[in-house]
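So the chains spell out like this:
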Amino acid sequence: MFQIIRGVDFLHSKKILHRDLKPANILIDHNTITTKIADFGLSRLYSFPIRPFTKEVLTLWYRAPELMLGFNNYSCDLDMWSVGCILAEIIVGKPFIQGDSEIDQLFKIFEIFGTPTEETLPGYSTFPDYNKNFPLFKGTGIKKAIGENKIDPLALDLLEKIMVLDPCKRITAKEALRHVNIFINFYFLNFLGLFY
């Protein structure tokens, strides 16, 4: 996961949005334990101010909720949602949120994170594909969705910082890298403690 986040951080530092991060686009060399991000067919350069992009990107299971609600002024936060989906998939051993259509995917996201409100997703009611008749889900939370005994507290903390309905509150790849470094150092030091 460290190498994936480091790769995403590099892309974002060069003002590149991948826009199709998913396990199929992550290549792993098992001999060198090297991970590479592939398939830049949907990637785009971005700049500030953010200009509208198409919402017809990303494989459904890795697509951020704001995209399915018609929001098209996205930036790096879009890739970070996908990174969260990949991390959750690594933990559970299968795709984390598996909708069979765009609306089903959106409702499955709502089941975990709650149906958005103006507090959890500012501007929600103004999004092009907003519907006031969407079902109201309270949200089970990531821990329950993954399985309380399956997730390490540090991994859960990282997921909860990446997979946030409000894209402005998602941590950046650089912040996620710092988080992963803390995670690695914590377990490495605990591992070393076994020998002393």
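In what follows, the structure referred to is the one given above.
Everything numeric in this text was worked out from a predicted model, so none of it was measured.

What counts and how
- Residues numbered from 1 in each chain as written.
- Predicted model: local features only at pLDDT ≥ 70, side-chain atom pairs only at ≥ 80, totals over all residues.
- Heavy atoms only, no water.
- Axes fitted to C-alpha atoms, helices over the stretch in contact; angles between N-to-C directions.
- Helix = DSSP H or I, 4+ residues; strand = E, 2+ residues; numbered from the N terminus.
- Parallel < 35°, antiparallel > 145°, perpendicular 65-115°, else oblique.
- Contact = heavy atoms within 4.5 Å.
- Pairing = 2+ DSSP bridges.
- Expected span 1.5 Å × (residues − 1).
- Buried < 20%, exposed > 50% of the residue type's maximum accessible area, 1.4 Å probe, protein only.
- Arc of directions from axis to C-beta.
- Lys, Arg positive; Asp, Glu negative; His and termini not counted.
- Salt bridge = Lys/Arg side-chain N within 4 Å of Asp/Glu carboxyl O.
- Polar contact = N/O pair within 3.5 Å; in protein donor to acceptor, adjacent residues only side chain to side chain.
- Core = buried A, V, L, I, M, F, W, Y, C linked by side-chain atoms within 4.5 Å.

Undergrad: Sorry, what's going on with the packing of helix α1 (residues 2-13) against helix α3 (residues 76-92) here?
TA: A packed helix pair is summarised by two numbers, namely the angle formed by the two axes and the spacing between the axes. At a closest axis distance of 11 Å, the pairing of α1 and α3 adopts a crossing angle of 170 degrees. Judged by the angle between their axes, α1 and α3 are roughly antiparallel. In contact with I4, I5, V8 and H12 of α1, α3 contributes C76, D79, M80, V83 and I86.

Undergrad: How should I be thinking about the pairing of strand β3 (residues 34-37) in this particular structure?
TA: On a regular strand, each side chain points to the face opposite its neighbour's, so the side chains alternate between the two faces of the sheet. Pairing analysis gives four bridges linking strand β2 (residues 26-29) to β3, with the strands arranged antiparallel. Looking at β3, one finds that L27 is bridged to K36. The turn linking β2 back onto β3 is made up of four residues, and I33 within it adopts a positive phi angle of 55 degrees.

Undergrad: Sorry, what's going on with α1 here?
TA: What sets the pattern is the α-helix's 3.6 residues per turn: residues three or four places apart point alike. Compared with the 16 Å implied by 1.5 Å per residue over twelve residues, the 16 Å span of α1 between its first and last C-alpha is a close match. Regarding α1, the residues found buried are I4, I5, V8, D9, L11 and H12. End-on view of α1: buried residues confined to an arc of 160 degrees, all on one side of the axis. Of the residues one or two after α1, K15 is the one with positive phi, at around 65 degrees.

Undergrad: Explain the side chain of D79 here, please?
TA: Tracing the chain through its elements places D79 in helix α3. No salt bridge forms around the buried D79; measuring N to O, its nearest opposite-charge neighbour R19 is 7.1 Å away. From its side chain, D79 meets the backbone nitrogen of R19 in a polar contact 2.9 Å long. Among all residues touching D79, those that are not within four sequence positions of it are V8, H12, I16, L17, H18, R19 and L21.

Undergrad: What should I look at first to understand the environment of I182 in this one?
TA: Positionally, I182 belongs in helix α7 (residues 173-193). For the pair I182 and L154, spaced 28 residues apart in sequence, the C-alpha to C-alpha distance is 8.7 Å.

Undergrad: So what exactly am I meant to see when it comes to the side chain of Q105 here?
TA: By the element assignment, Q105 lies in helix α4 (residues 102-113). Among all residues touching Q105, those that are not within four sequence positions of it are L60, W61, M68, I97, Q98 and G99.

Undergrad: Would you mind going over the environment of F127 with me for this structure?
TA: Within the fold, F127 resides in the loop between α4 and α5 (142-146). A relative accessible area of 9% means that F127 is categorised as buried. F127 sits 59 residues away from M68 along the chain, and the two C-alpha atoms are 9.6 Å apart. Setting aside anything within four residues of it in sequence, one finds F127 in contact with E66, L69, F71, L121 and P122.

Undergrad: Could you clarify how one ought to interpret the nonpolar core in this entry?
TA: Nonpolar side chains in soluble globular proteins tend to end up buried together. Of all hydrophobic cores here, the largest spans 53 residues; its most connected members are F113, I142 and M163. Put simply, the parts of the chain that give this core at least two residues each are α1, α2 (65-68), α3, α4, α5, α6 (153-162) and α7. Residue contributions to this core peak at ten residues, all from α3. Apart from the residues within four sequence positions on either side, M163 is in contact with W81, G84, C85, F96, I97, F113 and I142.

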